[in-house]
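Residue-level structural notes
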Number of protein chains: 6
Amino acid sequence: MKKQFIVDFKKRDEIVDDLFAVKNKESPRSYKNGTMFTLTVSDKTGETMLNFFGGDKKTETYAIYSSFEVQDVIHIKGKTDDYRGPISMSVNMDSGQIKKVDEFNMEDFMPMTKKDVIKMKEDFMSIISQVGNVDIKRLLLHIFDENFMKEYSKAAAASSNHHNFGGGLLEHVLSMIRIAERVVEMHPELDKDLLIAGCIVHDIGKVKELKVKTAIDYTTEGHFIGHISMGQKIVTDAIESLENFPELLKYKIIHMILSHHGQKDWGSPVEPLLPEAVALHHIDNLDSKIQNILQQKEKADKSDKWLMNRGWPTLYLD
Amino acid sequence: MKKQFIVDFKKRDEIVDDLFAVKNKESPRSYKNGTMFTLTVSDKTGETMLNFFGGDKKTETYAIYSSFEVQDVIHIKGKTDDYRGPISMSVNMDSGQIKKVDEFNMEDFMPMTKKDVIKMKEDFMSIISQVGNVDIKRLLLHIFDENFMKEYSKAAAASSNHHNFGGGLLEHVLSMIRIAERVVEMHPELDKDLLIAGCIVHDIGKVKELKVKTAIDYTTEGHFIGHISMGQKIVTDAIESLENFPELLKYKIIHMILSHHGQKDWGSPVEPLLPEAVALHHIDNLDSKIQNILQQKEKADKSDKWLMNRGWPTLYLD
Amino acid sequence: MKKQFIVDFKKRDEIVDDLFAVKNKESPRSYKNGTMFTLTVSDKTGETMLNFFGGDKKTETYAIYSSFEVQDVIHIKGKTDDYRGPISMSVNMDSGQIKKVDEFNMEDFMPMTKKDVIKMKEDFMSIISQVGNVDIKRLLLHIFDENFMKEYSKAAAASSNHHNFGGGLLEHVLSMIRIAERVVEMHPELDKDLLIAGCIVHDIGKVKELKVKTAIDYTTEGHFIGHISMGQKIVTDAIESLENFPELLKYKIIHMILSHHGQKDWGSPVEPLLPEAVALHHIDNLDSKIQNILQQKEKADKSDKWLMNRGWPTLYLD
Amino acid sequence: MKKQFIVDFKKRDEIVDDLFAVKNKESPRSYKNGTMFTLTVSDKTGETMLNFFGGDKKTETYAIYSSFEVQDVIHIKGKTDDYRGPISMSVNMDSGQIKKVDEFNMEDFMPMTKKDVIKMKEDFMSIISQVGNVDIKRLLLHIFDENFMKEYSKAAAASSNHHNFGGGLLEHVLSMIRIAERVVEMHPELDKDLLIAGCIVHDIGKVKELKVKTAIDYTTEGHFIGHISMGQKIVTDAIESLENFPELLKYKIIHMILSHHGQKDWGSPVEPLLPEAVALHHIDNLDSKIQNILQQKEKADKSDKWLMNRGWPTLYLD
Amino acid sequence: MKKQFIVDFKKRDEIVDDLFAVKNKESPRSYKNGTMFTLTVSDKTGETMLNFFGGDKKTETYAIYSSFEVQDVIHIKGKTDDYRGPISMSVNMDSGQIKKVDEFNMEDFMPMTKKDVIKMKEDFMSIISQVGNVDIKRLLLHIFDENFMKEYSKAAAASSNHHNFGGGLLEHVLSMIRIAERVVEMHPELDKDLLIAGCIVHDIGKVKELKVKTAIDYTTEGHFIGHISMGQKIVTDAIESLENFPELLKYKIIHMILSHHGQKDWGSPVEPLLPEAVALHHIDNLDSKIQNILQQKEKADKSDKWLMNRGWPTLYLD
Amino acid sequence: MKKQFIVDFKKRDEIVDDLFAVKNKESPRSYKNGTMFTLTVSDKTGETMLNFFGGDKKTETYAIYSSFEVQDVIHIKGKTDDYRGPISMSVNMDSGQIKKVDEFNMEDFMPMTKKDVIKMKEDFMSIISQVGNVDIKRLLLHIFDENFMKEYSKAAAASSNHHNFGGGLLEHVLSMIRIAERVVEMHPELDKDLLIAGCIVHDIGKVKELKVKTAIDYTTEGHFIGHISMGQKIVTDAIESLENFPELLKYKIIHMILSHHGQKDWGSPVEPLLPEAVALHHIDNLDSKIQNILQQKEKADKSDKWLMNRGWPTLYLD
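Residues numbered from 1 in each chain as written. Chains lettered and ligands numbered in written order. Predicted model: local features only at pLDDT ≥ 70, side-chain atom pairs only at ≥ 80, totals over all residues. Heavy atoms only, no water.

Quick word on the relation of the copies chain E and chain C
- Between chain E and chain C, which share one sequence, the superposing operator has a rotation angle of 120° and an axial displacement of 0.1 Å; the RMSD is 0.1 Å. These values place the two chain copies in the arrangement generated by a three-fold rotation axis. (Least-squares fit on C-alpha atoms with pLDDT ≥ 70 in both.)

Okay, structure coming up:
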């Protein structure tokens, strides 16, 4: 368990001796005493710059630089510095240390949902158990087995913008389902089971698109294929492994995934052709846009009255 | 009470003797026996063409043509016809009649909400009575007195697209409020009273923008000023007639009205600067888009499998 | 084999006695002598209107109307007519006949490629046999077995715009490959095998998206899923059935399919991230845009100097 | 009256002892000798950076920092500095001083119109006196009384881009009126009085939208409501305080304000529906775009041949 | 001189015996008695349909059809008809006649400016004579010699939208110059001579782009090259025929032509890089948009209150 | 011949004594010892910063600053420096030197095509000699005489993005021609000679639009007129100097130049109206987009896996 967090460093020359995640690496370069390199390191409270000064030990400096990768966790021994800007860190080859570690608590590095994950998983499984359409229900039970739920409940809903934290996907999906239930009350012509299923699977591809370790990052497959097509694949395979799944229902469920961005220029290869797909898109949009602006407000400097973007206000902060 | 409805005419030469609304007028023109004119007439079940044949009585034909306006109700005596296309009507100067009437049931001509209006009004007033913020509450009670509620509860939410029927505005607002309540449960950082107030007043200008008589039509003021600015005026005047209304709250409520279209190119002169304004825009969008597609589906020809638009499918109808 | 083609009818009252495809159906309606319906019928030379007059035999007329579907072929006995506009057909219940048939030559109804299909298939298989990358080669050989080639070589590349005829997909793909080979000569940094594979599979989903029988029409799956995602599925399944297929290569090939529309607003869920994907998109665009304008020119009225669209010229025809 | 202007400082270690406006504040931070903060200060000739070094007097430094706000004027005693970049200022807690003052000449800080404001006000009132339409005339005389003219003649037409200086609104409006008079000569079908009235009131909301003190800044109301809706309110209230103002004329004048941005995506909630509204929009556009580019040219570095923006030329400067 | 104008025909079976312009031709087709064709004919008061019935004289009918072209003037002998819609004409092979004529007054067919052309030409030459810059002045005098003025003063400024009548170009240019003079008074930093020259030459290519005979039509060169590039060519050639014309001034004048549409997507290959080019674009836009809406208002049906476009009002007509 | 290249400097205090091109100049400014100025200097291997320290010799420093211009080559005597960031240079008034030189090898400063220019010129002339259409052939032979070929073969195809090096235009045109030949094989309806001519002349204006000396820079004419209009002028003049050149062919060739950007918003004043113009646009697009992405890949940091742009991947680099 970490004891030192970035947000707590306040002045130079404090001792640093704890774990931090590597967010970014800059190749080693010369400085007046020899070879150095710079990292961006992070934990769940923020990020800062770290300078490693290797002196004339060029080979060793390169070796240390190569001993870890972005997203790894390293044990840093050094001290704080305040060379230009906020409190940073510095490590000297001789007096300090950088060393990769394999054991750490993800919660120390990644922001996590503030909701109770166990409770959310129970709610989620309970919703599935109440689905009336037997085909939809057996499909969801087939996909969301215990193993998959482990991954699904840790996933983030995005790498930035909204719900960009561990458990964010599950939190977002549950919020969407609760809104969807109310929408169906107001518009009972909608097929509730199809809409709930859409909420559940619409972003299922995110589980593989985004790698969540000490930060949220895209996988190679994620960049090349994208979560919409990855989700389509996961659900189509699941359906095809079931016997006698109705063909039209298969098309409709896959269509919910493919069309949930609502328009081609927002990344949906097909646009909504079902009232439930229209509803899904707008419920997703509603929940994520609200979450996005609430996160912006929470993160903003409380002494400002307006959040500005390119000279124009985008949010009132008072 | 009307007895004959357009949808029920099935063949030519049936007797027509009932009230119909004038939807469109075409100026009188010549035909082989003299002067005639053509109207589009409507009731709540549909619309059809009517030909009035004046023979050589040109002056009288013009006089009859001028005796009523679009949106008026006329008593027609004539017969059905089937000259090209669906069943139409024809009236002969000598044997038939067209005469404006002033008394009629709006419900015979205008499609009306299928919900119970009295129940909706009760729900609406009950929601206002539960608003916690005293300033918002006294503002809403001030605006929504008995007189205003009469107009408000007859108003349509749009002239086409969605909720384009008498009582549609109230139905839409109540649906939005129920969704908003659920959204606040999921995102308790939102100011519920402000959001509910936004739902209630966002389209209040529609009451004056749209004239609802035998059809939904724009008023002169509606075209020139638009419901967003008309709503701003109604609510600003109400606020200014109250004592000691907090200035910042005044700006926020007006801002909810002005920004509820979400973007400038959708007609909002300012864009949402409050989380509640973001939520209001998306709740409005969600409810109206779902209603729109459900109305399209209900209206569509049931024998088609897809609703097509310029050669592309926009809705699956099965 | 058909003997009468639509383009050859020149005047009214010619005898009609041959097979035609049903392109469109309008529900039966009344006329002065009873019940009638109207069809659009087609063969490879064009399309025209057909009126069926059932007289007072309403039930039988409805029965005949229901005895065939769009895309079916019917045997028509009647005569030509010229009631307003070009030569049409009419059939009388008593003297004529409409009857669905099951055996016909697709070539009589569907426009087909003017190229030699057998030669094109040989060229195509020869190209596959020359692919250097062993994984790409075994994948292509696995997909394009004899059975699949039967379907693939009959497919159209689009329902309108370009190569909208039987064999059009194969013709388009071969043209793209020949251009791609030249492009690789000029830009040898490109991975030729990957680019050729991209040309071959980019529209493979069209085989299932479009139903080609007596016309090109979208399947239900085609509308809901779209050819890009359907192609992704076909190729991913094929890859997963092979042993030890390199993972990165799998992502690249699927990426070629997904990104080949070049931009999100043109329907690609991901945008090109490989030089070969950029090349594929532009080669596809080049070949289809040229084919499109050449087809427009071929089809245009030769007596006009300019093809006009909404009052503006879009093509010089001289 | 100020004697020292920012543009005149040329080297380090000059004595600074005069008034400057606070343009921006950065929260106090640590430096090697204790606590410091940085301001951006300005006068009408430009702006520069000021560093305040508080040494170990942290509390006092925070107190000084809190003793003034952005847009305030402060009396600075310190010296010039040239630490990186152009001439800046520095103040030492011990030897120097920062102190808010309440009396100052706005002209020392805000750029002001180069035109003669008294002459412009006379011209403006003379134009109103010549309006022929009695209703428009009494409305304008009612709004533009002596008190309002004081504010109106100090207002800026924008916070940036064009006429962004005190008196800029009046200068812009007079220029528009002179152009409008010529436009009416060339197109006598236009209603001159309505067009002149439109020029006069189109940006009247700017008087309240923008706060002009030592800089041009948006008010809270300005951000939430915007000058178009604020102008609508000012003029509607004025009209409603007059007796028997013609209703149609009221709609037209308000419409001129609402539609003067010309398109929804440029912030007009309704688009021009009158020839005079079309004219107003284009006259406004013409005058402001010319002023904008002339201001850019005046401000540009005279040694450059082209003004560049993201690598592309936007203005020839020779 | 024509005596019969289309607008004056009021009923069927009036004798037609006068000249009309051919606006459109439809290829001959069959009718029950043989071969017929249909024309759209026009004069300055409007246009109507003409049916020519050739009976069984197929060859002669084709010969007559081929004896004239669109934009030709023909002498028609026939009578009026009212087969569906407004008053049309019909000509019988035996009793009537269609014959091309070569002599006619352009004014009978083409709408012409209502201004005095001789006076406009004098004003125009007087403006040129007052240009101060000697190079600009000798260029304009070189281009606008007597011959060119004949063409220039007959030219239209557009084929539709605004100033689409003979003399329209000159009328538009003079209006622009008068506005430009006022703009320079308000913004004396502008180079007046360059701006006036820009007004004069900006649309000079229209003289060759549009053929004005009995209607305004594009020439082949006009479609392929466009008036902007054609104007560039005319003025560049003129400059190159003068000795010692300053090179920078040459670039500026050509730039005024090329950039006067203001943006690439409005057809300018380069965007304005001079304050005068910015001014020219907006003056052109201002004058043409006002003229456009005034022409729409003049042409509109006076009994309507609003001009509608796709269901939305675009102009108030009262 | 240069011996020292920017890419080879590795540490501070190396001796600099060689030629470099001036890429950018910043006006002289004060520093603690007097007057200095900063340049960006370049050669074909890259660019770096140079600081010139003039001490108290202000006048001489200004004189040296004014003795050369951007794009000039200067002889620098000084040493390397590493004040913040990569290796830069510094020159001292007393110990060093900056001196403009007039003789240098363009190849030392400008990146040049890697292809054999002599071979490319031969191929190019051979292609012209094989053109079948005699008018097109004599036009091309007229334009591409020995003198013009000297300029044409040194020209770049763009200032950035693709083929932005000496000889790039010729390399791009040859690549387009080879692709065009293949396209004509696949679509023999195209007019090969017209298409080849289009490839050859489409960017001919670049020869004068871009000045290629030690860098690629726009000329004054290039900014004001643009290469499309400049090319139109070159080719129109050439055609008009030939006798009896067919008028329609003239329009078509000029149209190929004007329309080759494909759309108005991409800078074409007219859009493609010929199949060959459609083909030309897409061949140009294909070749330049591939070249662009291959150049990006070549230039990218090889240790990155993805090329990122504003946080999104645009190219896979592995």
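Moving on, there is more to tell.
Description of the interface of chain B and chain A
- Tallying the contact residues gives 37 residues for chain B and 37 residues for chain A.
- The largest per-residue losses of area from chain B upon contact with chain A belong to Arg182(B), His187(B) and Leu273(B), which jointly make up 20% of the total buried on that side.
- Where chain B meets chain A, there are two salt bridges.
- Between Glu181(A) and Arg182(B) there is a salt bridge whose closest N-O contact spans 3.8 Å. (Contact = heavy atoms within 4.5 Å. Buried area = accessible area lost by both parts, 1.4 Å probe. Salt bridge = Lys/Arg side-chain N within 4 Å of Asp/Glu carboxyl O.)

Examining the environment of Pro275(E)
- Looking at the secondary structure, you find Pro275(E) in helix α12 (residues 275-299).
- Once the C-alpha coordinates of Pro275(E) and Asp56(E) are considered, the two residues, 219 residues apart in sequence, prove to be 68 Å apart.
- Setting aside residues up to four positions removed in sequence, Pro275(E) forms contacts with Ile293(D), Leu294(D), Lys297(D), Leu315(D) and Leu190(E). (Helix = DSSP H or I, 4+ residues; strand = E, 2+ residues; numbered from the N terminus.)

What to know about the packing of aromatic side chains
- Using the criterion set out here, one finds 72 aromatic pairs over all chains in the structure.
- Clustering of aromatic rings is evident, with ring pairs tying together Phe124(A), Phe144(A), Phe148(A) and Tyr152(A).
- When the ring centre of Phe68(C) is taken as origin, the NZ or CZ atom of Lys25(C), which lies over that ring, is 5.2 Å away.
- Lying over the aromatic face of Phe5(F), Lys2(F) brings its terminal NZ or CZ to 5.0 Å of the ring centre. (Phe/Tyr/Trp six-rings, centres within 6.5 Å; stacked < 30°, edge-to-face > 60°. Lys NZ or Arg CZ within 6 Å of the ring centre and 35° of its normal.)

Quick look at the confidence of the model for chain A
- Per-residue pLDDT for chain A has a mean of 91; in total, 98% of the residues score no lower than 70.
- Across the whole predicted complex the pTM is 0.90, and at the interface the ipTM reaches 0.88. (pLDDT = per-residue confidence, 0-100.)

A word on the pairing of strand β2 (residues 34-43) of chain D
Residues and elements named next belong to chain D.
- With nine of its 10 residues buried, β2 lies for the most part within the structure.
- Hairpin connection from strand β1 (residues 15-31) to β2: two residues lie between these consecutive antiparallel strands.
- The pairing of β2 with strand β3 (residues 46-53) spans eight bridges and is classified as antiparallel. In the strand pairing of β3, threonine 40 is matched with methionine 49.
- Hairpin connection between β2 and β3: a loop of two residues separates the two successive antiparallel strands. (Buried < 20%, exposed > 50% of the residue type's maximum accessible area, 1.4 Å probe, protein only. Pairing = 2+ DSSP bridges.)

Topic: the pattern of salt bridges
- Overall, the coordinates contain 109 salt bridges over all chains when judged by the stated rule.
- We note a salt bridge from Glu298(D) to Lys114(D), for which the minimum N-O separation is 2.8 Å. Placement of the pair is Glu298(D) in helix α12 (residues 275-299) and Lys114(D) in the loop between α2 (106-109) and α3 (117-129), with a sequence separation of 184 residues.
- Judged by relative accessible area, Glu298(D) falls into the exposed class, the value being 51%.
- The residue Asp72(F) makes a salt bridge to Lys213(F) at a minimum N-O spacing of 3.3 Å. Pair noted here: Asp72(F) is in the loop between α1 (58-66) and β4 (73-81) and Lys213(F) is in the loop between β7 (210-212) and β8 (216-218), with a separation of 141 residues, a long-range link.
- Look at Asp72(F) and you get buried, because its relative accessible area is 7%.
- What you see here is one network of salt bridges that share partners, running through Lys233(A), Asp237(A), Glu240(A), Lys250(A), Lys233(C), Asp237(C), Glu240(C) and Lys250(C).

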